[in-house]
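A closer look at the structure
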Amino acid sequence: MNKPQTEISKLISYWLRHNPKDADIVLDAYGWANIDDILAALRTRDIQLSKTDLVELSQRFAKVRWKIDLESNKIKSTHGHSIQVLQEVTPKTPPKILYHGTGIKNMDSIAKDGLKSMQRQYVHLAETIAMATEIGSRHGKPAIIKIDTTQLLHEGWHFYKTEEDVWLTKNIPAKYLDF
């Protein structure tokens with residue numbers, strides 16, 4: 001690998017989550033891309049990786065970014081899509097309490113408009129305060145919002161759990177949020 005691993009990882013994630021056209025790759029309805037197409041796209045950027053290198057790269061980070069299926073020669077981002085992809089999992093019942101980490105600068109907007117997926121397909125929620133704090137720290141001084149999922153489930157919200165223990169759901173109005 002002739003570029004920093006984080007830079008390569010972010011580039012692949014960008015293609016799989018937001019802009020497959022930038023790499024001239026095609027995603028299926030569930031977000032899967034052909035591994036050989038990813039490797040070819042990397043070569044156009046002077047990045048030489050083998051399939052083994054790609055698997056090793058995916059395992060070097062604490063945060064799971066991709067799901068790799070060597071048998072079908074496919075790769076997909078585990079979460080964070082801004083492009084429309086179908087979920088392969090069925091809805092699951094979340095814990096009674098989930099948390100959302102954000103920057104304190106976003107709190108007024110969230111208090112007014114609720115949690116919105118913004119450029120992503122889903123709102124991302126965490127099972128623990130520690131995980132939510134880590135996520136919130138990416139946006140400046142962290143703030144944590146508590147969500148009681150009981151009423152949301154009763155009113156028809158669906159929740160999906162990723163391989164990384166991130167819970168996904170659609171926008172949540174402010175009345176369901178505990179600041």
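Nothing here was measured: the structure is a model prediction, and the numbers come from that model. (Residues numbered from 1 in each chain as written. Predicted model: local features only at pLDDT ≥ 70, side-chain atom pairs only at ≥ 80, totals over all residues. Heavy atoms only, no water.)

A closer look at the packing of aromatic side chains
Note the threshold: Ring geometry is summarised as follows: Phe, Tyr and Trp rings, the Trp one being its six-membered ring, pair when their centres sit within 6.5 Å, and such pairs are stacked at plane angles under 30 degrees, edge-to-face over 60 and tilted between the two. Helix and strand assignments follow DSSP, with helices taken as H or I runs no shorter than four residues and strands as E runs no shorter than two, numbered in order from the N terminus. The cut-offs for exposure are 20% and 50% of the maximum accessible area for each residue type, with area from a 1.4 Å probe on protein chains only; residues under the lower value are buried, those over the upper are exposed, and the others partly exposed. Both a distance and an angle decide whether a charge sits over a ring: NZ of Lys or CZ of Arg must be within 6 Å of the ring centre and within 35 degrees of the ring normal.
Inspection of the entire model under this criterion finds two aromatic pairs. A ring pair is formed by tryptophan 157 and tyrosine 176, whose centres lie 5.4 Å apart and whose planes are at 65°; its orientation type is edge-to-face. You can see tryptophan 157 sitting in the loop between α6 (149-154) and β7 (160-161) and its partner tyrosine 176 sitting in the loop between β8 (167-169) and β9 (177-178), a full 19 residues away along the chain. Taken individually, tryptophan 157 and tyrosine 176 each receive the classification buried, so the pair is uniform in this respect. The lysine or arginine in question, lysine 170, covers the ring of tyrosine 122, its NZ or CZ lying 4.7 Å from the ring centre.

Examining the pattern of salt bridges
What counts here: When a carboxyl oxygen of Asp or Glu lies within 4 Å of a side-chain nitrogen of Lys or Arg, that pair is called a salt bridge.
Under the criterion given, the structure shown has six salt bridges. In this structure, the salt-bridge partner of arginine 60 is glutamate 56, at a minimum N-O distance of 3.6 Å. Take arginine 60: its relative accessible area is 40%, and that puts it in the partly exposed class. A relative accessible area of 35% places glutamate 56 in the partly exposed class.

Here we look at the sheet that holds strand β1 (residues 33-34)
We count it as follows: Two strands are counted as paired when DSSP detects at least two bridges linking them.
What the three strands build is an open sheet, ordered β1-β3-β2; its pairing is antiparallel. What marks the edges here is a single partner per strand, and that holds for β1 and β2 (66-69). Direction of pairing for β2 relative to strand β3 (residues 74-77): antiparallel, over a ladder of four bridges. Looking at β3, one finds that isoleucine 68 is bridged to isoleucine 75.

Things to note about the sheet that holds β7
The pairing of strands in a sheet comes from backbone hydrogen bonds and takes either a parallel or an antiparallel form. With respect to topology, three strands assemble into an open sheet ordered β5-β8-β7, the strand pairing being antiparallel. The open sheet terminates on both sides in strands that have one partner only, identified here as β5 (123-125) and β7. Two elements, β5 and β8, share three bridges in a ladder whose sense is antiparallel. Within the sheet, the bridge partner assigned to leucine 125 lies in β8 and is tryptophan 167.

Considerations on the pairing of β3
In this structure, β1 lies alongside β3, joined through two bridges in antiparallel fashion. Note on β3: the bridge partner recorded for asparagine 34 is lysine 74. Between β2 and β3, which pair antiparallel one after the other, the connecting turn spans four residues, and asparagine 73 there sits at a positive phi close to 60°.

Concerning the environment of glutamine 121
Heads up, the condition is: For this analysis, residues touch if any pair of their heavy atoms sits within 4.5 Å. Under this definition, polar contacts are N or O atom pairs within 3.5 Å; protein pairs additionally need one hydrogen-donor-capable and one acceptor-capable atom, and for neighbouring residues in sequence, both atoms have to be side-chain atoms.
Looking at the element boundaries, glutamine 121 is found in the loop between α4 (107-113) and β5. Leaving out residues up to four positions away in the same chain, glutamine 121 has contacts with His81, Ile83, Gln84, Val85 and Lys170. Within the structure, the side chain of glutamine 121 is placed 2.9 Å from the backbone oxygen of valine 85, a separation counted as a polar contact.

Quick look at the nonpolar core
For clarity, the cut-off: Here, the term nonpolar core denotes a set of buried Ala, Val, Leu, Ile, Met, Phe, Trp, Tyr and Cys residues that are joined through side-chain atoms within 4.5 Å.
Ile12, Leu16, Ile38, Leu42 and Ile75 are the most contacted members of the largest nonpolar core, which has 20 residues in total. Beyond its immediate stretch of four places on either side in the chain, leucine 16 contacts Ile25, Leu27, Ala33, Ile38, Trp66, Ile75, Lys76, Ser77, His81 and Ile83. Of all hydrophobic cores here, the second largest spans 16 residues; its members include Met107, Val123, Leu152 and Trp167.

Overview of the packing of helix α1 (residues 5-17) against helix α2 (residues 35-43)
Helix-helix packing is described using two parameters, namely the angle between the two axes and the distance between the axes. Cut-off, in case you're wondering: To define axes, lines are fitted to C-alpha atoms, for helices over the stretch in contact only, and angles between the resulting N-to-C directions are given on a 0 to 180 degree scale. Here the word oblique covers every angle except those under 35 degrees (roughly parallel), over 145 (roughly antiparallel) and from 65 to 115 (roughly perpendicular). Take the far helix as your reference; a near helix turned counterclockwise from it by less than a right angle gives a left-handed crossing, and one turned clockwise gives a right-handed crossing. Lys, Arg, Asp and Glu make up the charged group, whereas Ala, Val, Leu, Ile, Met, Phe, Trp, Tyr, Cys and Pro make up the nonpolar group; the residues left over, Gly among them, are polar.
It is the contact of α1 with α2, at a shortest axis distance of 12 Å, that shows an interaxial angle of 125°. It follows that α1 is oblique to α2 by the angle criterion. Crossing of α1 over α2 shows right-handed handedness. Residue-level inspection shows Ile8, Leu11, Ile12, Trp15 and Leu16 of α1 in contact with α2, the latter providing Ile38, Ala41 and Leu42. Here the contact of α1 with α2 is built from residues that sort into eight nonpolar, no polar and no charged.

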